[in-house]
4 protein chains.
Amino acid sequence: MTTTNQQIQHYLTKNEDKARLLVSCPDKPGIVSSISTFLYEHGANIVESNQFTTDHEEGTFFLRIVFASENMKSKEETMKADFYALADQFEMTWRMTFLHELKRTAIFVSKELHCLRELLYEWESGDLVTDIPLVISNHESAREIVESFGIPFYYIPANKEIREEVEEKQLDLLEEYNIDLIILARYMQILTPKFVDSHPSKIINIHHSFLPAFIGANPHKRAYKRGVKLIGATSHYVTDDLDEGPIIEQDVIRVDHRNSVNDLKKKGRLIERSVLNRAVKWALEDRVIVHKNKTIVL
Amino acid sequence: MTTTNQQIQHYLTKNEDKARLLVSCPDKPGIVSSISTFLYEHGANIVESNQFTTDHEEGTFFLRIVFASENMKSKEETMKADFYALADQFEMTWRMTFLHELKRTAIFVSKELHCLRELLYEWESGDLVTDIPLVISNHESAREIVESFGIPFYYIPANKEIREEVEEKQLDLLEEYNIDLIILARYMQILTPKFVDSHPSKIINIHHSFLPAFIGANPHKRAYKRGVKLIGATSHYVTDDLDEGPIIEQDVIRVDHRNSVNDLKKKGRLIERSVLNRAVKWALEDRVIVHKNKTIVL
Amino acid sequence: MTTTNQQIQHYLTKNEDKARLLVSCPDKPGIVSSISTFLYEHGANIVESNQFTTDHEEGTFFLRIVFASENMKSKEETMKADFYALADQFEMTWRMTFLHELKRTAIFVSKELHCLRELLYEWESGDLVTDIPLVISNHESAREIVESFGIPFYYIPANKEIREEVEEKQLDLLEEYNIDLIILARYMQILTPKFVDSHPSKIINIHHSFLPAFIGANPHKRAYKRGVKLIGATSHYVTDDLDEGPIIEQDVIRVDHRNSVNDLKKKGRLIERSVLNRAVKWALEDRVIVHKNKTIVL
Amino acid sequence: MTTTNQQIQHYLTKNEDKARLLVSCPDKPGIVSSISTFLYEHGANIVESNQFTTDHEEGTFFLRIVFASENMKSKEETMKADFYALADQFEMTWRMTFLHELKRTAIFVSKELHCLRELLYEWESGDLVTDIPLVISNHESAREIVESFGIPFYYIPANKEIREEVEEKQLDLLEEYNIDLIILARYMQILTPKFVDSHPSKIINIHHSFLPAFIGANPHKRAYKRGVKLIGATSHYVTDDLDEGPIIEQDVIRVDHRNSVNDLKKKGRLIERSVLNRAVKWALEDRVIVHKNKTIVL
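Quick caveat: nothing in here was measured; it's all calculated off a predicted structure.

**Q** For the domain arrangement of chain A, give the residues involved together with the corresponding values.
**A** All names here are of chain A. What the domain assignment lists for chain A is domain 1 (17-98) and domain 2 (104-297). Opposite the 12 residues of domain 1 that make contact, domain 2 presents 8 residues. Interface area for domain 1 against domain 2, summed over the two sides, is near 810 Å², with a carbon-plus-sulfur share of 51%. It is Arg20, Phe62 and Arg64 in domain 1 that bury the most area against domain 2; as a group they hold 51% of the surface buried on that side. Counting across the domain 1 and domain 2 interface gives 3 salt bridges. Close ionic contact of aspartate 286 with arginine 95 constitutes a salt bridge, the shortest N to O distance being 2.9 Å. Connecting domain 1 to domain 2 are 8 residue pairs in polar contact (both at pLDDT 80 or more). In terms of residue class, the side of domain 1 that touches domain 2 is built from 3 nonpolar, 5 polar and 4 charged.

Written out as structure tokens, the structure is:
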């Protein structure tokens, strides 16, 4: 279906000679020198580079490099193979992604469509560079807009009682479509540990509050009761603990005494849309690193 | 001491013919009509007016009116006396304040002076219209700046064990100086219910987190651990429940993985200063109404 | 077409007994008293009230009151007729709008659809309370989404040379459809004084810069060149002077050296959407008053 | 005087083994590799690194590296000497600064002290790492606070007529005190091209508007007239064109119809303080690079 997304086709053409290297390892002298020399020797030029070293006695070093090389596709296998030695030397955890390949992202949605719509329009405009092979929902309301984008829509009704059954169908689809990233775009069903653990740091959720305030259901009702002057939304990776996973991005919007619970929900939706989109974009750009239940966004 | 604050003197002269009326009562037809007619008949013109009706079946009506009249001082007693009948008719809770009289505000501070400084400079510039008859602290560090403004400084060392003894001294001073409003400008001692209950909705605190997140001590440490992307500060009226009182104002500032706990404290201080100042300014302008453990700021 | 907009139907039902009174006149004692007494005597209760007096020697007074009365529809004519005397007495400029009647809003759009989409979705959700009888465009790209909402779409190609001819067609349509408000949702054709003057304070534009910076075409190119760290969008009433009309709302978003001109356009679009929506919503709620080429938003 | 600034002493001790390298040159493969290898071979470890390549056909490459090495002081001369060859090879413009040495910053101020105060307090808290050998003013109002920090204060009255005479005295002082950076903290005298050209990219000004809007005098008056909904402040390097120099940082604050020109000035001051502080802090941390009359802040 992405072949119908002209903007992304255009992006792929423009970036087919680019790749990204993500590295984390114990900090020590010589890492940047070795990696940049490695790239130079393989005929690659650094386009963008961001790093961070955590501030402990034995710090952890994180690096995200974007590099370019003529005929990158032909060098792909060699570069990956050659990098192993360097990675071993520095005990690196690493991955190389090549920009001519698209990640495959599945979206889950329930009744509220505002986040889904925002994602689809940003995807259509080429801002979210990914394949969206399918959208899964426990309601029918999203079918029309999803299919208008030429994306397969799967309606799988769900509730607490049949949770495992539902997830089995979902997991089968995710495997069949070879999904890299799952976005819960106001998908309101709670996922079991089994589901979550099969996709570590691969499920991005948007929670309709400013975490860690108002974890769980009906955050706006509780925000209203508490009389806060700002409400928010938080995008995070899903873990086994509800709403406790590493936060990727958050934002707030001002409210006051004139706002009813419904007004809070309405204002909240504006923030949920932009926060989820930023988090997804950064994840697709390989900018988000998880470390100690927090994120480093390079 | 305020006679040395020229800006406030100037304000008093400019506003000596003004007064404020604060009203709350069960909503019903005729309130605004009766009050505005009352003012008109007493030769007063409405300068500013803000109202709010809560959205329940039997709504509560809140009103803040600023009005002006030539020779207001001479009318003061009559207006107050005459208003009682109207107030009874509508079962109003009300008060009239006259702008030629200054509120008397005491500030409590501990070691960190950033909030105190901000208050004093804003007071000096005439932005906070009040007398500041004294500052109380459990440390000596604030003495120099407080006395440089010609304000009496009282050093009363405090700790958990001697809490009641300390508060007795403080309460005596507050009574002696006839204090209307108490500001805890990063005053780190917890007040007993006895103290709090003697000043309902009269003690404004600044808590160094975005409530209800990170209630209690060391919020920055916990914010750091949680990996939030925004930290904040909250100004609220103190109640018997620590950090649970009605929120007057809040704000946030962006942080990221590069910020240590110390950085969070530093950034937080910027927000604490402005949030506390806004809350105090609104309270001094009689804009803050407490209702169901929340605030309506008119 | 609005009969298909269930949210708005719901709103109309809920608010059919409400009305709004907008007033401006020279400030003097007795205005609020007279108006509120007038409402009381006509069996109306004040639901919401906001006023402002400009700070000159002969100040101008502005008021927006929302009031409710059982069987408002039956009282409509009487209330309007009776108000004339009061209005004369105070030399008021005024209007009364009744919430059971919808305003009729036309949208103009060119190639970029992001603002139009945002308006349509907010309208669909009931947040923008209005009829949208038609959308006019000089491109075909908006046809699909507009017609998907059941709204008539008129394609009228335009360019500098045939401006008057084009506007004649447009003006005919606006008259035929009895339009109250015109929104230029990134409509890129410049309107002639003839068009503008026929709709004073009735044409809301969204300009893709933070006015008064970067008036005219290609603001992002110039913002990029200047190296600003924030770009913005401004919603304003159209006057004969390009981008000089009264500003209704503005907002900004942060940018930096990594952002190309295209990135600025992309970020700008996020802000254009929300700024235009807020301005339109306030205008539909009769909150926007024009005074001395500025706006007072009550 | 900095020997009395304990926070900065503490910083110096903690960072005496650190240094910064700033580089700009035509982009080509091998730059990062060469530099990082150079550092590695000189026994230095990279602590922080940020780079940016401009997006033209012949891009310009910018790099800011913070590196650490035991006994940095003893290596200083060698490192600088050895780097020349590498710099030549890549046609680099570069500089190495060593963190045990403080920059020497002079502050100019006129009547309004809010920016100066903010700078002094942030300096006192260790947040602005620099010597402040002197403050120059054309008024006496700042003397008290400047001298309370143990900093020499020079009162040099100024006006348009005696501009050259005044600047001669100022330039003599700046040379005598060996000043690296000049901050105009609401210094209201316009500097001549002679003065400006003697300190290219070394004079940081805070302009009390959101540039490029309201260049020149009385911006708040004009902002008020235009009816903007946000006002701002801009920190920039001074060039020969008034308020046209490269922007380092900007920010805005919301205003509305209730705000008089004085209110705008008051709100503006809050923003001027924080914007100037951020710009100065980044400049002191060697994060600000000037390129094509814009800044890249790494």
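Next comes the rest of the write-up.
**Q** Residue-level account of the pairing of strand E11 (residues 247-254) of chain C, with values.
**A** Residue and element names in this part refer to chain C. Counting buried positions along E11 yields 6 of 8 residues, so the element is predominantly enclosed. Bridge count for strand E10 (residues 230-237) against E11 is 7 bridges, and the pairing is antiparallel. Note on E11: the bridge partner recorded for histidine 236 is isoleucine 247.

**Q** So what's going on with the confidence of the model for chain A? Which residues, and what values?
**A** Low pLDDT marks stretches whose predicted atomic positions should not be read closely. Residues at a pLDDT of 70 or more form 98% of chain A, whose mean pLDDT is 95. Here the prediction assigns the complex a pTM of 0.96, and the interface score ipTM is 0.95.

**Q** Lay out the interface of chain B and chain A in plain terms, naming residues and giving numbers.
**A** Counting residues at the interface gives 33 residues for chain B, matched by 33 residues for chain A. When the two sides are added together, the surface that chain B and chain A hide from each other amounts to roughly 2700 Å², 56% of it contributed by carbon and sulfur. Along the contact surface separating chain B from chain A lie 6 salt bridges. A salt bridge links glutamate 249 of chain B to arginine 254 of chain A; the nearest nitrogen and oxygen atoms lie 2.9 Å apart. The interface formed by chain B and chain A contains 16 residue pairs in polar contact (both at pLDDT 80 or more). When contributions to the side of chain B that touches chain A are tallied by element, the ones reaching two or more residues are helix H8 (219-226), strand E11 (247-254) and strand E13 (294-297) of chain B. Considering each element in turn, the side of chain B that touches chain A owes the most residues, 7 residues, to E11 of chain B. For the side of chain B that touches chain A, the residue count by class is 16 nonpolar, 6 polar and 11 charged.

**Q** Could you give an account of the interface of chain D and chain C, with specific residues and numbers?
**A** Where interface size is quoted, it is often the accessible area lost as the parts come together. Taken residue by residue, the interface counts 33 residues in chain D and 33 residues in chain C. Among the residues of chain D in contact with chain C, Arg226, Lys229 and His257 of chain D are the three that bury the most area, contributing 28% of the side total. At the level of secondary structure, the elements contributing two or more residues to the side of chain D that touches chain C comprise helix H8 (219-226), strand E11 (247-254) and strand E13 (294-297) of chain D. When residues in the side of chain D that touches chain C are grouped by element, the largest group, 7 residues, is from E11 of chain D.

**Q** Could you give an account of a negative patch on the surface, naming the residues involved and the relevant values?
**A** On the surface, Glu164, Glu165, Glu168, Asp172, Glu175 and Glu176 of chain A cluster together into a patch of negative charge. Among the residues examined, glutamate 164 of chain A registers a relative accessible area of 64% and is labelled exposed.

**Q** Please give an account of the packing of aromatic side chains that cites residues and values.
**A** Per the counting criterion, the structure on display carries 36 aromatic pairs over all chains. Ring geometry for tyrosine 121 of chain C against phenylalanine 149 of chain C: centres 5.6 Å apart, planes inclined by 75°, an arrangement best described as edge-to-face. Linking tyrosine 121 of chain C in helix H4 (residues 114-124) with phenylalanine 149 of chain C in the loop between helix H5 (143-148) and strand E7 (153-155), this pair joins segments that are 28 residues apart in sequence. You'll find tyrosine 121 of chain C and phenylalanine 149 of chain C in the same group, each marked buried. Cluster of aromatic residues (ring-pair linked, three or more members): Tyr121, Trp123 and Phe149 of chain A together with Tyr121, Trp123 and Phe149 of chain C.

**Q** So what's going on with the pattern of salt bridges? Which residues, and what values?
**A** Here the structure, examined in full by the defined rule, presents 93 salt bridges over all chains. Linking arginine 258 of chain B and aspartate 256 of chain B is a salt bridge whose minimum nitrogen-to-oxygen distance equals 2.7 Å. With a closest N to O distance of 2.8 Å, glutamate 285 of chain C and arginine 287 of chain C form a salt bridge. Side by side, glutamate 285 of chain C and arginine 287 of chain C carry an identical accessibility label, which is buried. Among the charged side chains, a network of salt bridges with common partners joins Glu48, Arg64, Asp127, Lys281, Glu285 and Arg287 of chain A together with Lys266 of chain C.

**Q** With reference to specific residues and values, describe the sheet that holds strand E8 (residues 181-184) of chain A.
**A** Residues and elements named next belong to chain A. Strand order in the open sheet made by the 7 strands is E7-E6-E5-E8-E9-E10-E11, with mixed pairing throughout. Because the sheet does not close on itself, it has two edges, and the strands there are strand E7 (153-155) and strand E11 (247-254). This sheet shows a mean twist of 15° between the axes of neighbouring strands, independent of strand direction. Of the strand pairs in this sheet, strand E6 (residues 131-137) and E7 are connected by 3 bridges, and their pairing is parallel. In the strand pairing of E7, isoleucine 136 is matched with tyrosine 154. Packing against the sheet, helix H4 (residues 114-124) makes contact with strand E5 (104-109), E6, E8 and strand E9 (203-207), and its axis sits at approximately 155° to E5. Sheet strands in contact with helix H9 (residues 261-284) are E5, E8, E9, strand E10 (230-237) and E11, and its direction is about 155° off that of E11.

**Q** A description of the relation of the copies chain D and chain C should follow, citing residues and the corresponding values.
**A** Between the two copies, chain D and chain C, the superposition gives an RMSD of 0.0 Å; the rotation angle is 180° and the shift along the axis is 0.0 Å. Such a turn and shift between the copies fits a two-fold axis. For chain D, the minimum C-alpha distance to the rotation axis belongs to alanine 213 of chain D and amounts to 2.5 Å. The fraction of interface residues of chain D whose copies in chain C are also interface residues reaches 100%, indicating that both copies meet through the same surface.

**Q** I'd like a description of a nonpolar patch on the surface, backed by residues and values.
**A** Together, Ile190, Ile215 and Leu242 of chain C give the surface a local cluster of nonpolar side chains, amounting to about 230 Å² of exposed area. Looking at the secondary structure, you find isoleucine 190 of chain C in the loop between strand E8 (181-184) and helix H7 (193-197).

**Q** Lay out the UniProt feature "active site" (unreviewed entry) in chain A with the relevant residues and their values.
**A** UniProt records the feature "active site" (unreviewed entry) at Asp243 of chain A, using the numbering of this structure. With respect to the helices, strands and loops of the structure, aspartate 243 of chain A is situated in the loop between E10 and E11. Note on aspartate 243 of chain A: relative accessible area 6%, which makes it buried. What aspartate 243 of chain A contacts, discounting residues up to four positions off in sequence, is Asn205, His207, Leu211, Ile215, Gly216 and His236 of chain A together with Arg226 of chain B. At 2.8 Å, the side chain of aspartate 243 of chain A forms a polar contact with the backbone nitrogen of glycine 216 of chain A.

**Q** With reference to specific residues and values, describe the packing of helix H8 (residues 219-226) of chain C against helix H9 (residues 261-284) of chain C.
**A** Residues and elements named next belong to chain C. One way to put it is that H8 packs onto H9 with a least axis distance of 9 Å and a crossing angle of 120°. Comparing the axis directions of H8 and H9 gives the class oblique. Seen along the crossing, H8 lies across H9 with a hand that is right-handed. Judged by residue contacts, His220, Lys221, Ala223 and Tyr224 of H8 engage Val261, Leu264, Lys265, Gly268 and Glu272 from H9. Residue composition of the contact of H8 with H9, by class: 4 nonpolar, 2 polar and 3 charged.

**Q** Please set out the sheet that holds strand E5 (residues 104-109) of chain C residue by residue, giving values where relevant.
**A** Residues and elements named next belong to chain C. Taken in spatial order, the 7 strands of this open sheet run E7-E6-E5-E8-E9-E10-E11, and their pairing is mixed. Because the sheet does not close on itself, it has two edges, and the strands there are E7 and E11. For this sheet the average axis-to-axis angle between neighbouring strands, irrespective of direction, equals 15°. Pairing analysis gives 4 bridges linking strand E9 (residues 203-207) to E10, with the strands arranged antiparallel. Considered in E10, the bridge of isoleucine 206 is made with serine 235. Contacting E5, strand E6 (131-137), E8 and E9, H4 runs over the sheet at an angle of about 155° to E5.

What counts and what doesn't
- Residues numbered from 1 in each chain as written.
- Chains lettered and ligands numbered in written order.
- Predicted model: local features only at pLDDT ≥ 70, side-chain atom pairs only at ≥ 80, totals over all residues.
- Heavy atoms only, no water.
- Domains from an automatic or database assignment.
- Contact = heavy atoms within 4.5 Å.
- Buried area = accessible area lost by both parts, 1.4 Å probe.
- Salt bridge = Lys/Arg side-chain N within 4 Å of Asp/Glu carboxyl O.
- Polar contact = N/O pair within 3.5 Å; in protein donor to acceptor, adjacent residues only side chain to side chain.
- Nonpolar A, V, L, I, M, F, W, Y, C, P; charged D, E, K, R; others polar.
- Buried < 20%, exposed > 50% of the residue type's maximum accessible area, 1.4 Å probe, protein only.
- Helix = DSSP H or I, 4+ residues; strand = E, 2+ residues; numbered from the N terminus.
- Pairing = 2+ DSSP bridges.
- pLDDT = per-residue confidence, 0-100.
- Patch = residues over 30% accessible without salt bridge, like charges linked within 9 Å, V, L, I, M, F, W, Y side chains within 5 Å.
- Areas by Shrake-Rupley, 256 points an atom, 1.4 Å probe, with all protein chains shown as cover.
- Lys, Arg positive; Asp, Glu negative; His and termini not counted.
- Charge placed at Lys NZ, Arg CZ, Asp CG, Glu CD.
- Phe/Tyr/Trp six-rings, centres within 6.5 Å; stacked < 30°, edge-to-face > 60°.
- Axes fitted to C-alpha atoms, helices over the stretch in contact; angles between N-to-C directions.
- Least-squares fit on C-alpha atoms with pLDDT ≥ 70 in both.
- UniProt positions renumbered as here; feature names shortened; annotations may be inferred.
- Parallel < 35°, antiparallel > 145°, perpendicular 65-115°, else oblique.
- Left-handed = near helix turned anticlockwise from the far one by under 90°.

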